[in-house]
Amino acid sequence: MLLKIVKRPEPSRAMVYLTPLMALVLTVVCSMGVFTFLGVDPVEALRNFFIVPINNAYGASELLVKATPLILCAIGLSVGFRANVWNIGAEGQLTLGAIFGGGLFVYLHDVDSVFLLPGMILLGAIGGALWAGIPAFLKTRFNANEILTSLMLVYVATLLLSLLIHGPWRDPDGFNFPESRMFSESATMPLILEGTRLHFGTILAIIAVLGTWLMLAKTLVGFQIKVIGAAPKAGSYAGFSQKKIIWFTLLFGGAMAGIAGVSEVSGPVGQLLPSISPGYGFTAIIVAFLGRLHPVGIIFAGLLMALTYLGGETAQINLGLPVAVTGVFQGMVLFFLLACDVLISYRFALNRTGRVSG
Amino acid sequence: MMIGTNLTTPRHDDGSKRGPVRLKVHNLSLDSHEQFGIDLNLINFDVRGGEVMGIAGVAGNGQVELLEVLSGEMLCDEAEHLLLEGTPIGKLNPTERRELGIAFVPEDRLGHGSVPDMSLTDNAFLSSYGQKKLISNGLINHKKSTQYAEEIVAKFDVRTAGVTHTASSLSGGNLQKFIVGREMLQDPKLIIIAHPTWGVDAGAAAAIHQAIIDLAENGAAVLVVSQDLDELFAISNRIAVIAEGRLSVSRDIKEISIEQIGLLMGGTEGSGSQKEAQSVA
Amino acid sequence: MTSKTIASVLGAVAVAGSMLVSANVSAQDKVGFVYVGPIGDHGWTYRHDIGRQAVEKELGDKVKTTYVESVKEGPDSERVIRQMAADGHKIIFTTSFGYMNPTLKVAKQFPNVKFEHATGFKRSANVSTYSGRFYEGRYVVGKIAGKMTKTNVIGYVGSFPIPEVVRGINATALAARSVNPNVEIKVAWVNTWYDPGKEGDAAKALIDQGADIIMQHTDSPAPLQVAEARGVWGVGQASDMHHFAPKAQLTAIIDNWDRYYVARAKAALDGTWKSQDTWAGLKDGMVEMAKFNEAIPADVIKLAEETRDGIINGTIHPFAGPIKKQDGTVAAKEGETLDDGTLLGMDWYVEGVQGKLPK
């Protein structure tokens, strides 16, 4: 072997920033090969995938609309992941947020008040946090694995929404179809840009990112999260309570997902339906890792993932590419990122002994 | 011999400066929850201000459990088992114990005493933020933390490229000096140090020993737990042996020899007088 | 990276990006299709795509067809529909109930584009609705099922308890019990249109509960494949699925959109398109029965064919009275027939269906 892999004395900070870019470049290069193989002009395909969806103001606004719930969920999840608390149930917490927030409208649908929407958002956060509190309780009290509990609660949440939509919360004027009333003006997210679907939820996402950055970088609880995740024994040595951090990170993640849920139903969806999310809570896990669990990274990762969805649709419409192209792209980005991540802790060196090593 | 280091055997002055009892461990018993843990059984000892108390023992005889219960990572069944200047502290957590002026250097420097991938500044903050007031207005004061880290590096001669580098980038000896320095510069009333120079080069070991002696001379109560008898005999005023979760009666260092301590550590009976063996209780 | 660097990098990307943009001029008019599942579902979406191919074949010189698969109902669908409307499509077919509100929203903003929404009930000046009287096919199948079942339990894999699905269950029950009063229908709800894993699991559960005939209102062949593996009967949904279950498939209810799609596309192109509601069945060929399984006895096949012909020539109506609801009340007396309005809003089970509908 000409090259060998050598551990770095300490993790390379430069590589932490470079590897996502390297992964992107490798994905672009590799996908050009895929497109050629499919018989499509690779440059045209890339253009349709990355540029065309956002080449006008409307497209850019759609990108933000799609990225908003991803970023909200991912920022909440990232805090937990840093502390080794594996919340896989953001999809369920998002659903409960929609239920709680949307439920307020269902019962107060005649009310025309400026406090209705803020109340819905607050309730959405509470609903999501409550749902995440269940795995937190089970973990701190019974040491139940939060991956399993939070994931299984996703199905419970979906069925709960279905129960409500088909039953007591069904729109009386809806011909018995399972949907709630359309949300009124005072229950709808205000638009930021007329003529687009860009709504206040995006502002909430930005606030969430900034707040999380502040918390992680500057507060004691943020420090505790990082230490407990990196070296739990050091955390206990420092007197940091693992149980408190488990509760905090799960409630925080749940609240963020809950806000994402209520933002979606009071924004682009406009009502409660049996299916209000195409899996944002799960995709957000990818976004969180793609963004290196760092608030700024998550913004870029959320935008990138959203772009792959939009690009996939554009590629289907304009070039007749198959729907699988979206999944292939996302898979490649993740794959190359994981591969390039090796370079953070290791580097290549020439094997100078001249012999085959290993 | 290492080039460039000044190796002096740390000398330890004895007795006259010892103050009142700082730490009293009274009838401490604790059942271990670990599968291969050692139960602690009626442990009794004192540490006075100005003295270095050494606890010798072969690893695996209850040191880990004892250290955990002293640092607060494990709580006592009753608060009165541990008394700091008369105040029961057995139920206090590590943060509360630090507020009372207790400092700890744990056995494992990487992963327990420090977070390997965090900077020295962050690692300085880790255990000292309360005592050194590194939090202002609810936010971490990064500048003050950096200054503290740099003070540690300067005073304890830690060889590093800078306090922004990670703990894992330091050699064993330098990291140990850093952690010891971090704890000592908090001006503790009582400091508990586990295996102070395990895996540490001779120059750093000498520096650490001198720092321990100096700290005691300035009035702190020091408890050292170690396997290294030479070390304990060099720096301690008094010494006891831990074996199978029980502690021997502590003795003045001048009244006992290394060989006798070694035999107690081995758990043999019948060497010396019967009293000797029965006093491991 | 400093924020300045980031800003300038983004700026460079934006400039480079805008330079790569070229005007998207289409030479041909476009006909768009939005699918809720993959074409490979060999069911609902697959049949819509066959319809699309018919449009390509008939009008390929005048139009280009485009399609997007697996578009989730909700905000994603609104984006896709709008993207098509903004980009030279003359007529767009949105092929799932959940696309209703997004279709209407986009239609409002693009008054010159025509929209066709499948299985919906809201229309506007440029939005039509269309659906098939699939329940007619269910009725034919119900007769066969009533005769063929030995355990008297028919298992039904349901997607969502919306009227369309309930209609299908009820038609099956009425037909089956008309030839075998002991038949019961058991329903398992999977809360999705397409999820082979869940659909298959539901079929397994129903078979474990005694069903020896499996029917479905979901889009993949999974329930049929389970039926084949377990040696019970099944019915193909939306398309002929017998190559997935050569022994098990009794018949299939086939959706045939070809004629409708070609006609509507033509109308959009030559300006004769008007908003309307179409609800066609066996008579107009929108619903077809697949070849009957050879293992079915000749007299049962004859019954099925007679039923089918009767529906076509109007002598048989699946929802002709007497019809008793599950709760015992009378929905239709002898000689009465349920009208379309009642059918469209059907939210109650007939006698013979087990379980409760959510209220």
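Nothing here was measured: the structure is a model prediction, and the numbers come from that model.

What to know about the overall build of chain B
Here comes step 1: Helix and strand content of chain B: nine helices and 13 strands.
Here comes step 2: Scored against the burial criterion, the 281 residues of chain B give a buried share of 52%.
Here comes step 3: Across chain B, the fraction of contacts at a sequence separation of at least 24, relative to all contacts at a separation of at least 6, is 67%.
Here comes step 4: In the structure as shown, chain B presents an accessible area of about 12,400 Å², 50% of it carried by carbon and sulfur atoms.

What about the interface of chain C and chain A?
Here comes step 1: Facing the 39 residues of chain C at the interface are 38 residues of chain A.
Here comes step 2: Interface area, chain C with chain A, both sides summed: about 3,500 Å², of which 58% is carbon and sulfur.
Here comes step 3: Per-residue buried area on chain C facing chain A is highest for Pro75, Arg79 and Phe121 of chain C; these three make up 18% of the total on that side.
Here comes step 4: In this structure, the connection of chain C to chain A is made through four salt bridges.
Here comes step 5: One salt bridge in this structure joins arginine 79 of chain C and glutamate 62 of chain A, with 3.9 Å as the shortest N-O distance.
Here comes step 6: Along the contact surface separating chain C from chain A lie nine residue pairs in polar contact (both at pLDDT 80 or more).
Here comes step 7: When contributions to the side of chain C that touches chain A are tallied by element, the ones reaching two or more residues are α1 (3-20), β2 (63-68), α3 (75-85) and α4 (100-109) of chain C.
Here comes step 8: Tallying contributions element by element places α3 of chain C first for the side of chain C that touches chain A, with eight residues.

Section: the sheet that holds strand β8 (residues 213-216) of chain C
For sheets, the rule is that strands pair by backbone hydrogen bonds, running either parallel or antiparallel.
Residues and elements named next belong to chain C.
Here comes step 1: Pairing in this open sheet of six strands is mixed, and the strands run β7-β6-β8-β9-β10-β12 from one edge to the other. Edge positions in the sheet fall to β7 (184-189) and β12 (287-289), since each of these pairs with one other strand and no more. For this sheet, the mean inter-axis angle between neighbouring strands, taken without regard to orientation, is 20°.
Here comes step 2: With three bridges connecting them, strand β10 (residues 249-255) and β12 associate as antiparallel partners. Pairing of aspartate 255 across the sheet is with valine 287, part of β12.
Here comes step 3: Packed on one face of the sheet, helix α8 (residues 222-230) meets β6 (153-158), β8, β9 (233-238) and β10 and runs near 165° to β9.

Some details on unusual backbone geometry
All names here are of chain C.
Here comes step 1: At the junction of glycine 321 and proline 322, the peptide bond is cis and its omega measures out at 5° in the coordinates.
Here comes step 2: With respect to the helices, strands and loops of the structure, proline 322 is situated in the loop between α10 (298-312) and β13 (323-324).
Here comes step 3: Even without being glycine, serine 70 reaches a positive phi, approximately 50°.
Here comes step 4: Look at asparagine 191: it is not a glycine, yet its phi comes out positive at around 55°.
Here comes step 5: Note on placement: asparagine 191 falls in the loop between β7 and α7 (196-208).

What to know about the domain arrangement of chain B
Residues and elements named next belong to chain B.
Here comes step 1: Domain boundaries assigned for chain B yield domain 1 (18-101 + 189-281) and domain 2 (110-187).
Here comes step 2: Computed from C-alpha atoms alone, the centre-to-centre distance between domain 1 and domain 2 is 25 Å.
Here comes step 3: On the domain 2 side, the residues contacting the 19 residues of domain 1 number 14 residues.
Here comes step 4: Counting across the domain 1 and domain 2 interface gives zero salt bridges.
Here comes step 5: There are two residue pairs in polar contact (both at pLDDT 80 or more) connecting domain 1 and domain 2.
Here comes step 6: Where the side of domain 1 that touches domain 2 is concerned, the elements lending two or more residues are α2 (94-99), β9 (190-194) and α6 (202-217).

Concerning a negative patch on the surface
All names here are of chain B.
Here comes step 1: Taken together, Asp31, Asp39, Asp77, Glu78 and Glu80 make up a surface patch of like negative charges.
Here comes step 2: One can find aspartate 77 in the loop between α1 (63-71) and β4 (82-84).
Here comes step 3: A residue is classified by how much of its surface remains accessible, and aspartate 77, at 52% relative accessible area, is exposed.

Comments concerning the interface of chain A and chain B
Here comes step 1: Taken together, the contact between chain A and chain B spans 20 residues of the former and 31 residues of the latter.
Here comes step 2: Summed over both partners, the interface of chain A with chain B buries about 2,000 Å², with 62% contributed by carbon and sulfur atoms.
Here comes step 3: Considering only the side of chain A, the residues that lose the most area to chain B are Glu10, Phe223 and Tyr237 of chain A, jointly responsible for 36% of the buried surface there.
Here comes step 4: For the interface between chain A and chain B, the tally reads zero salt bridges.
Here comes step 5: Summed over the shared surface of chain A and chain B, the number is seven residue pairs in polar contact (both at pLDDT 80 or more).
Here comes step 6: Per element, the largest residue contribution to the side of chain A that touches chain B is five residues, and it comes from helix α8 (residues 220-230) of chain A.
Here comes step 7: Grouping the amino acids of the side of chain A that touches chain B by side-chain chemistry returns 12 nonpolar, three polar and five charged.

Structural notes on the packing of helix α3 (residues 57-82) of chain A against helix α12 (residues 295-319) of chain A
Residue and element names in this part refer to chain A.
Here comes step 1: Contact pair α3 / α12: the axes reach a minimum separation of 7 Å and the direction vectors enclose 135°. Between α3 and α12, the crossing angle belongs to the class labelled oblique. As α3 packs across α12, the resulting crossing turns out to be right-handed. Between α3, through Gly59, Glu62, Leu63, Leu64, Lys66, Ala67, Leu70, Ile71, Ala74, Ile75, Ser78 and Arg82, and α12, the contact on the second element is made entirely by Pro295, Ile298, Ile299, Gly302, Leu303, Met305, Ala306, Leu307, Tyr309 and Leu310.

What to know about the packing of aromatic side chains
All names here are of chain C.
Here comes step 1: Across all of its chains, the model carries 34 aromatic pairs over all chains by this definition.
Here comes step 2: Relative to phenylalanine 134, the ring of tryptophan 44 lies with its centre 6.2 Å away and its plane at 75°, an arrangement referred to as edge-to-face. You can see tryptophan 44 sitting in helix α2 (residues 44-59) and its partner phenylalanine 134 sitting in helix α5 (residues 134-148), a full 90 residues away along the chain. Of the two residues examined, tryptophan 44 and phenylalanine 134, each falls in the buried class.
Here comes step 3: Judged by centre distance (6.3 Å) and plane angle (80°), the rings of phenylalanine 93 and tyrosine 130 are edge-to-face. Note that phenylalanine 93 is positioned in strand β3 (residues 89-94) and tyrosine 130 in strand β5 (residues 127-132), a separation of 37 residues in sequence.

Here we look at the side chain of serine 145 of chain B
Here comes step 1: As for its placement among the helices and strands, serine 145 of chain B is situated in helix α4 (residues 142-155).
Here comes step 2: Leave out the neighbours within four places in its chain, and serine 145 of chain B touches Thr121, Ala124, Phe125, Leu134 and Ile140 of chain B.

Observations regarding the nonpolar core
Here comes step 1: The biggest cluster of nonpolar side chains holds 134 residues, and the ones touching the most others in it are Leu272 of chain A together with Phe45 and Leu70 of chain B.
Here comes step 2: Examining the composition of this core, we find that 12 residues originate from one element, helix α10 (residues 242-269) of chain A, more than from any other.
Here comes step 3: If sequence neighbours within four positions are ignored, leucine 70 of chain B has contacts with Leu23, Val25, Leu82, Arg97, Phe104, Ile192 and Leu223 of chain B.
Here comes step 4: Core analysis: the next-biggest nonpolar cluster, separate from the first, contains 96 residues, Val113, Ala118, Trp279 and Trp348 of chain C among them.

Description of the arrangement of the chains
Here comes step 1: No other pair among the two pairs of chains in contact exceeds the contact count of chains A and C.
Here comes step 2: The closest approach of any C-alpha atom in chain B to one in chain C is 17 Å; the two make no contact.

Cut-offs applied
Residues numbered from 1 in each chain as written. Chains lettered and ligands numbered in written order. Predicted model: local features only at pLDDT ≥ 70, side-chain atom pairs only at ≥ 80, totals over all residues. Heavy atoms only, no water. Helix = DSSP H or I, 4+ residues; strand = E, 2+ residues; numbered from the N terminus. Buried < 20%, exposed > 50% of the residue type's maximum accessible area, 1.4 Å probe, protein only. Contact = heavy atoms within 4.5 Å. Areas by Shrake-Rupley, 256 points an atom, 1.4 Å probe, with all protein chains shown as cover. Buried area = accessible area lost by both parts, 1.4 Å probe. Salt bridge = Lys/Arg side-chain N within 4 Å of Asp/Glu carboxyl O. Polar contact = N/O pair within 3.5 Å; in protein donor to acceptor, adjacent residues only side chain to side chain. Pairing = 2+ DSSP bridges. Axes fitted to C-alpha atoms, helices over the stretch in contact; angles between N-to-C directions. Domains from an automatic or database assignment. Patch = residues over 30% accessible without salt bridge, like charges linked within 9 Å, V, L, I, M, F, W, Y side chains within 5 Å. Lys, Arg positive; Asp, Glu negative; His and termini not counted. Charge placed at Lys NZ, Arg CZ, Asp CG, Glu CD. Nonpolar A, V, L, I, M, F, W, Y, C, P; charged D, E, K, R; others polar. Parallel < 35°, antiparallel > 145°, perpendicular 65-115°, else oblique. Left-handed = near helix turned anticlockwise from the far one by under 90°. Phe/Tyr/Trp six-rings, centres within 6.5 Å; stacked < 30°, edge-to-face > 60°. Core = buried A, V, L, I, M, F, W, Y, C linked by side-chain atoms within 4.5 Å.

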